Amino acid sequence: MKQKPLAYLKSLNANYSQKLHRCRWSPEDAQEIVPRLITFLDDPDPFVQQETLRALCHIGTPALAAGARVVELTRSSEQMTRIVAVQALGQIAQTDPKMCIGPSIAALPDAECRVHALRILEFLGPAAAEALDHVLPYFDNPLAKERAHVLRVAAEIAPTDPKVIALIQQAQTDRSQEVRKRAAKLA
């Protein structure tokens, strides 16, 4: 008898996700579990999709085969699904910049997804050079924490780019001490 998606997901999450973590270093376990999880991403229930995305996050890069479907879910009509999909993308596809950059850029306008998209771009660093012009406008955000994050991401992507150097100089006089400190570290 075929186990239902939620029952299977609960069994995977038992024992502190032991089976999911084992997939990180056991190709045999990943080959058993990841294809099944990919089928759950097509379930119409957003909760099943979200729990599946969380399971893929636990697995990390051995779940790269799910990448194309996760990219699709970064455009879901369900906000929580979009958020978890962007998080999952950063965990499973971090070794494939081409898979990550476009969806991360597309997620930037969504305030709830932005921090996760920025983390992906920061991790990718210079490989995400095409995202720089999409990241820079978010320095105008009224939240100091986000301005500091944008500054850090821009500096990771292109530390010698004249636009980034100008941004760092501008940030040195920011109204936020947090942003000024970040700028001083990058100057």
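Residues numbered from 1 in each chain as written. Predicted model: local features only at pLDDT ≥ 70, side-chain atom pairs only at ≥ 80, totals over all residues. Heavy atoms only, no water.

A. Summary view of the overall build of the protein chain. Of the regular secondary structure elements, the protein chain holds 11 helices and zero strands. Its C-alpha atoms put the protein chain at 65 × 30 × 30 Å along the principal axes. Out of the 187 residues belonging to the protein chain, those deemed buried represent 50%. In the protein chain, the proportion of contacts linking residues at least 24 apart, taken out of those at least 6 apart, comes to 62%. When the accessible surface of the protein chain is split by element, carbon and sulfur atoms take 54% of a total near 9,800 Å². (Helix = DSSP H or I, 4+ residues; strand = E, 2+ residues; numbered from the N terminus. Buried < 20%, exposed > 50% of the residue type's maximum accessible area, 1.4 Å probe, protein only. Contact = heavy atoms within 4.5 Å. Areas by Shrake-Rupley, 256 points an atom, 1.4 Å probe, with all protein chains shown as cover.)

B. Quick peek at the layout of surface pockets. The calculated volume of the largest pocket comes to roughly 310 Å³. As for the largest pocket, its lining consists of 14 residues, and the residues nearest its centre are Val115, Lys145, Glu146, His149 and Arg152. Listed by contribution, the elements that provide at least two residues to the lining of the largest pocket are α7 (111-124), α9 (144-157) and α11 (177-186). Broken down by element, the lining of the largest pocket gets its largest block of residues, five residues, from α9. Residues belonging to the lining of the largest pocket are distributed by class as follows: five nonpolar, one polar and eight charged. (1 Å grid on protein atoms, 1.4 Å probe; cavity = no way out; pocket = protein on both sides within 12 Å on 5 of 7 lines; lining within 4 Å. Points joined across faces, edges and corners; volume = space filled by probe spheres on them. Nonpolar A, V, L, I, M, F, W, Y, C, P; charged D, E, K, R; others polar.)

C. The side chain of Arg82, seen in detail. Within the secondary structure layout, Arg82 lies in helix α5 (residues 79-92). Residue contacts for Arg82: discarding those within four places in its chain leaves Leu73, Thr74, Arg75, Ser76, Ser77, Asp110 and Cys113.

D. The environment of Gln172, seen in detail. In this fold, Gln172 is placed in the loop between α10 (162-171) and α11. The exposure class of Gln172 is partly exposed, given its relative accessible area of 36%. When the C-alpha positions of Gln172 and His58 are compared, they lie 38 Å apart, and in sequence the two are 114 residues distant. Filtering out sequence-adjacent residues up to four positions away, Gln172 remains in contact with Arg180, Ala183 and Ala187.

E. Just the pattern of salt bridges, in detail. For the coordinates displayed, the defined rule picks out nine salt bridges. Here Arg114 ties to Glu146 by a salt bridge, and the two come within 2.7 Å at their closest N and O atoms. Taken together, the residues span a long stretch of sequence, with Arg114 in helix α7 and Glu146 in helix α9 at a distance of 32 residues. Note on Glu146: relative accessible area 14%, which makes it buried. (Salt bridge = Lys/Arg side-chain N within 4 Å of Asp/Glu carboxyl O.)

F. Structural view of the packing of α9 against α11. Their axes nearest at 8 Å, the elements α9 and α11 cross at an angle of 15°. Here α9 lies roughly parallel to α11, going by the angle between them. Of the two elements, α9 crosses α11, and the hand of that crossing is right-handed. From α9, Ala144, Lys145, Arg147, Ala148, Leu151, Arg152 and Ala155 reach across to α11, where they touch Glu178, Val179, Arg182, Ala183 and Leu186. Split into classes, the residues belonging to the contact of α9 with α11 amount to seven nonpolar, no polar and five charged. (Axes fitted to C-alpha atoms, helices over the stretch in contact; angles between N-to-C directions. Parallel < 35°, antiparallel > 145°, perpendicular 65-115°, else oblique. Left-handed = near helix turned anticlockwise from the far one by under 90°.)

G. Representation of the side chain of Asp29 within the structure. Positionally, Asp29 belongs in helix α2 (residues 27-40). Judged by relative accessible area, which is 14%, Asp29 ranks as buried. When neighbours within four sequence positions are excluded, Asp29 is seen to be in contact with Arg22 and Cys23.

H. Main features of helix α3 (residues 46-59). For α3, with 14 residues, the first-to-last C-alpha span of 20 Å sits near the 20 Å given by 1.5 Å per residue. Among the 14 residues of α3, 10 are classified as buried, and the element is accordingly described as predominantly covered. For α3, the full list of buried residues reads Val48, Gln49, Gln50, Glu51, Thr52, Leu53, Ala55, Leu56, Cys57 and Ile59. Positive phi appears at Gly60, one or two residues downstream of α3, with a value of about 80°. (Expected span 1.5 Å × (residues − 1).)

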